[in-house]
Amino acid sequence: MAEQDIIPDPPEGFVASGSRGPFSSHNGPYFHRAQPGELTEQAFYALPRHANGLGLVHGGMLTAFLDGLMGAAVYRSVRQTAVTIHLSVDFLHMARVGEWVMGEAKVTRATRDVAFVEARAHANGVDVVRGSGVFKLMRRHG
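Residues numbered from 1 in each chain as written. Predicted model: local features only at pLDDT ≥ 70, side-chain atom pairs only at ≥ 80, totals over all residues. Heavy atoms only, no water.

**Examining the sheet that holds strand β5 (residues 100-110)**
Neighbouring strands of a sheet are bound in pairs by backbone hydrogen bonds; such pairs are parallel or else antiparallel. Spatially, β1-β2-β3-β5-β6-β7-β4 is the arrangement adopted by the seven strands of the open sheet, whose pairing is antiparallel. In this open sheet, the two strands that pair with only one neighbour each are β1 (14-16) and β4 (82-91). Here the strands of the sheet are splayed against their neighbours by 25 degrees on average, with no regard to which way each runs. (Pairing = 2+ DSSP bridges. Helix = DSSP H or I, 4+ residues; strand = E, 2+ residues; numbered from the N terminus. Axes fitted to C-alpha atoms, helices over the stretch in contact; angles between N-to-C directions.)

**Regarding the nonpolar core**
In terms of nonpolar packing, the biggest core is built from 26 residues, with Phe44, Val74 and Val117 touching the most fellow members. The set of elements that each furnish at least two residues to this core consists of α2 (59-78), β5, β6 (114-123) and β7 (126-137). A total of eight residues in this core trace back to one element, the largest contributor, which is α2. Excluding residues that lie within four positions of it along the chain, Phe44 makes contacts with Pro29, Tyr30, His50, Val57, Met61, Leu62, Phe65, Glu99, Trp100 and Val101. Residues Phe14, Leu47, Trp100 and Met102 belong to the second largest nonpolar core, which totals seven residues. (Core = buried A, V, L, I, M, F, W, Y, C linked by side-chain atoms within 4.5 Å. Buried < 20%, exposed > 50% of the residue type's maximum accessible area, 1.4 Å probe, protein only. Contact = heavy atoms within 4.5 Å.)

**Focus: the layout of surface pockets**
When its volume is computed, the largest pocket comes out at roughly 480 Å³. Grouping the amino acids of the lining of the largest pocket by side-chain chemistry returns nine nonpolar, eight polar and five charged. (1 Å grid on protein atoms, 1.4 Å probe; cavity = no way out; pocket = protein on both sides within 12 Å on 5 of 7 lines; lining within 4 Å. Points joined across faces, edges and corners; volume = space filled by probe spheres on them. Nonpolar A, V, L, I, M, F, W, Y, C, P; charged D, E, K, R; others polar.)

In short, geometric facts, not functional conclusions.
Structure below.
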């Protein structure tokens, strides 16, 4: 691992997350806080590979993080896998390489077929992005 890819210890209460599929594994690593409650909390440490040419965390990285965070919130809330059918993201501020990006999400409503989620991510106590999503609940066939 190159020196620039060294990740410091995660914030207190956060532990490394297991694999969430090839895309997320490639873009991670991700961390989560394992605690009961309505909020799902995750984080990542911004590495140079997460940045655009200005040294800011790329909007695509922030969007992918928020999408995965909201999907995790759906699973945690309704215990069903879900896929994104609508995603809205507002970019509020910048996150930089070398910062922890912290996110939280919660399901605001779930029906038999879909779940509605709200989320935000922040770095150094400043909101970077906020978003909302609608997720299709997947049922097992068989």
